[in-house]
Amino acid sequence: MNMLKQAILQKGVVLSDGVLKVDSFLNHQIDPTLQVDIGNEFAKRFDEVEITKILTIESSGIAPALTTAIQLKVPVVFARKKKSLTLSSNLLTAQVYSFTKKETNEITVSRDFILEGDKVLIIDDFLANGEAALGLASLVEQARATVSGIGIVIEKSFQPGREKLQNAGYRVESLARIASLENNTVRFVEQLVTNN
Ligand code: 5GP
């Protein structure tokens, strides 16, 4: 995933020790070539796993979910953060506390699109405290479907998300794992391992 790591190093902006801004290529302006690369990598990593559907959350998860879905030839469903007027009944819901917005959203998905027996790959742009991914996993479990795995574009490994998801029994694949954002510098987990 060199393209992703290069983009993070060259275009990412460290806002604080805890927050990385990637608005110029991932979650405001979108780099389509990078998104295709991300989709190919997720498809490769989950190659041997049965997947019937991809679930993500609006809005930044949709692009990587879509490029992965094109490779895996399965539909994408995205959870909504605000209730749609046309999506008023027959809903799966979960409460998700947002790390960046510091507010709780009720996320919803129509029961028509996550069905009993579905094998669901969850995709999201960031992993921090694991709230969004756990909320999505809860929607899957409520539908009596199975979580096939969780794919994350950027994991902040200094926050507890990965541990929480693994403790809950889920396989987590993150394409870029950030060990630290201290001193305005992005350090990847692999970098630390190599330096030691
Ligand atoms: P979690 O639910 O794991 O605590 O946080 C994941 C969600 O918060 C992601 O969907 C993402 O939108 C947002 N998020 C968490 N940390 C960051 C960050 O450092 N930068 C950006 N841009 N978004 C983040």
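Here the structure is shown first, and the text comes after it.
A few points on the structure. (Residues numbered from 1 in each chain as written. Predicted model: local features only at pLDDT ≥ 70, side-chain atom pairs only at ≥ 80, totals over all residues. Heavy atoms only, no water.)

Points about the overall build of the chain
Counting its regular elements, the chain contains six helices and 10 strands. Compactness check: the chain gives a C-alpha radius of gyration of 16 Å against a globular reference of 16 Å for 196 residues, within 12% of the reference. With respect to the principal axes defined by its C-alpha atoms, the chain has extents near 50 × 35 × 35 Å. Here the chain, with 196 residues, has 49% of them falling under the buried criterion. Within the chain, counting contacts between residues at least 6 apart in sequence, those at least 24 apart form 62% of the total. Entry remark: accessible area of the chain is about 9,800 Å², with carbon and sulfur atoms responsible for 48%. The positive charge centre, built from 22 side chains, and the negative charge centre, built from 23, are 2 Å apart in the chain. (Helix = DSSP H or I, 4+ residues; strand = E, 2+ residues; numbered from the N terminus. Rg over C-alpha atoms; globule rule 2.2 N^0.38 Å. Buried < 20%, exposed > 50% of the residue type's maximum accessible area, 1.4 Å probe, protein only. Contact = heavy atoms within 4.5 Å. Areas by Shrake-Rupley, 256 points an atom, 1.4 Å probe, with all protein chains shown as cover. Lys, Arg positive; Asp, Glu negative; His and termini not counted. Charge placed at Lys NZ, Arg CZ, Asp CG, Glu CD.)

Regarding the site of the ligand
In the vicinity of the ligand there are 16 residues, among which L20, N129, G130, A132 and K156 approach most closely. One of the backbone N or O atoms of L20 is found 2.7 Å from a nitrogen atom in the ligand. One of the side-chain N or O atoms of D125 is found 3.2 Å from an oxygen atom in the ligand. When the free accessible area of the ligand is taken as 510 Å², the share hidden by the protein chains comes to 89%. Secondary-structure elements contributing two or more residues to the shell around the ligand are β7 (119-127) and α4 (131-142). The element best represented in the shell around the ligand is β7, accounting for four residues. (Near = heavy atom within 4 Å. Polar contact = N/O pair within 3.5 Å; in protein donor to acceptor, adjacent residues only side chain to side chain.)

Concerning helix α1 (residues 2-11)
Those residues of α1 that fall on the buried side of the exposure criterion are L4, K5, A7 and I8. Here the buried residues of α1 occupy an arc of 160° about the axis, which is enough to place them on one side. Among the exposed residues of α1, those pointing more than 90 degrees away from its buried face are N2 and Q10. (Arc of directions from axis to C-beta.)

Comments concerning the packing of helix α2 (residues 32-45) against helix α3 (residues 62-72)
The N-to-C vectors of α2 and α3 enclose an angle of 55°; their axes lie 7 Å apart at closest approach. Overall, the two elements α2 and α3 adopt an arrangement that is oblique. The handedness of the crossing between α2 and α3 comes out as right-handed. Contacts between α2 and α3 pair Q35, V36, I38, G39, N40, F42 and A43 from the former with A63, P64, T67, T68, Q71 and L72 from the latter. (Axes fitted to C-alpha atoms, helices over the stretch in contact; angles between N-to-C directions. Parallel < 35°, antiparallel > 145°, perpendicular 65-115°, else oblique. Left-handed = near helix turned anticlockwise from the far one by under 90°.)

Details of the pattern of salt bridges
A full pass over the atoms with the stated rule returns nine salt bridges. K5 serves as the salt-bridge partner of E190, at 3.5 Å between the closest nitrogen and oxygen. One end of the pair, E190, is in helix α6 (residues 189-195); the other, K5, is in helix α1, with 185 residues separating them in the sequence. With a closest N to O distance of 3.0 Å, E48 and R171 form a salt bridge. With E48 in the loop between α2 and β3 (53-57) and R171 in the loop between α5 (161-167) and β9 (172-180), the pair connects residues that are 123 residues apart, well separated along the chain. Since its relative accessible area comes to 59%, E48 is described here as exposed. Classification of R171 as partly exposed rests on a relative accessible area of 30%. Ionic contacts of the salt-bridge type, sharing partners, join the residues E41, K44, R45, E48, R171 and E173 into one network. (Salt bridge = Lys/Arg side-chain N within 4 Å of Asp/Glu carboxyl O.)

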